[in-house]
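# Report on the structure
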Amino acid sequence: MNILSYLIPISLVLGGLGLAFFIWTVKTNQYDDPEGDARRILNDEYDDRPKR
């Protein structure tokens, strides 16, 4: 049972760091896509073959 006194605070700190990192990525617009997949998929400019 002594191990729980170490594991619970460590897991809370790691969870807090993960939450803080997620909030930081949302605030710095890491998930924004200005072009948007909906418009990009309809564009004929992109194809599967690489350009020479």
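Refer to the preceding data block for the structure.
Now for a quick tour of the structure. (Residues numbered from 1 in each chain as written. Predicted model: local features only at pLDDT ≥ 70, side-chain atom pairs only at ≥ 80, totals over all residues. Heavy atoms only, no water.)

## Brief notes about the overall build of the chain
Stated precisely, the cut-off is as follows: Starting at the N terminus, helices and strands are each numbered in turn, a helix being any DSSP run of H or I of at least four residues and a strand any DSSP run of E of at least two. Exposed residues in this analysis have more than 50% of their type's maximum accessible area, buried residues have under 20%, and partly exposed residues fall in between, with area computed by a 1.4 Å probe over protein chains only.
The secondary structure content of the chain amounts to two helices and zero strands. In the chain, which comprises 52 residues, the share counted as buried stands at 4%.

## Topic: the packing of aromatic side chains
Put simply, the rule is: Within 6.5 Å between ring centres, the rings of Phe, Tyr and Trp (the latter by its six-membered ring) count as paired, and their orientation is classed by plane angle as stacked under 30 degrees, edge-to-face over 60, tilted in between.
A complete count under the given rule lists two aromatic pairs for this structure. The interplanar angle of 35° and the centroid separation of 5.7 Å between the aromatic rings of phenylalanine 21 and tryptophan 24 together place this pair among those described as tilted. With phenylalanine 21 and tryptophan 24 both in helix 1 (residues 4-27), this residue pair falls three residues apart, about one helical turn. Judged by relative accessible area, which is 47%, tryptophan 24 ranks as partly exposed. Aromatic pair phenylalanine 22 and tyrosine 31: ring centres 6.2 Å apart, planes at 45°, arrangement tilted.

## Quick word on a nonpolar patch on the surface
The test is simple: Patch membership requires over 30% relative accessible area and the absence of a salt bridge. Like charges are linked within 9 Å, and nonpolar side chains (Val, Leu, Ile, Met, Phe, Trp, Tyr) within 5 Å. Residue-level accessible areas treat just the shown protein chains as cover; the underlying method is Shrake-Rupley with a 1.4 Å probe. Salt bridges are defined by distance alone: a side-chain nitrogen of Lys or Arg within 4 Å of a carboxyl oxygen of Asp or Glu.
Together, Met1, Ile3, Leu4, Tyr6, Leu7, Ile8, Ile10, Leu12, Val13, Leu14 and Leu17 give the surface a local cluster of nonpolar side chains, amounting to about 1,200 Å² of exposed area. According to the relative accessible area criterion, isoleucine 3 is exposed, its value standing at 51%.

## Structural notes on helix 1
The criterion, for reference: Expected span of a helix: the number of residues minus one, times 1.5 Å.
Spanning 24 residues, helix 1 covers 34 Å between terminal C-alpha atoms, matching the ideal 34 Å at 1.5 Å per step. Taken from the residues just after helix 1, asparagine 29 is the one with a positive phi, measuring 60°.

## Considerations on unusual backbone geometry
Located in the positive-phi region is asparagine 29, a residue other than glycine, with phi close to 60°. You can see asparagine 29 is positioned in the loop between helix 1 and helix 2 (37-40).

Structural measurements only, silent on function.
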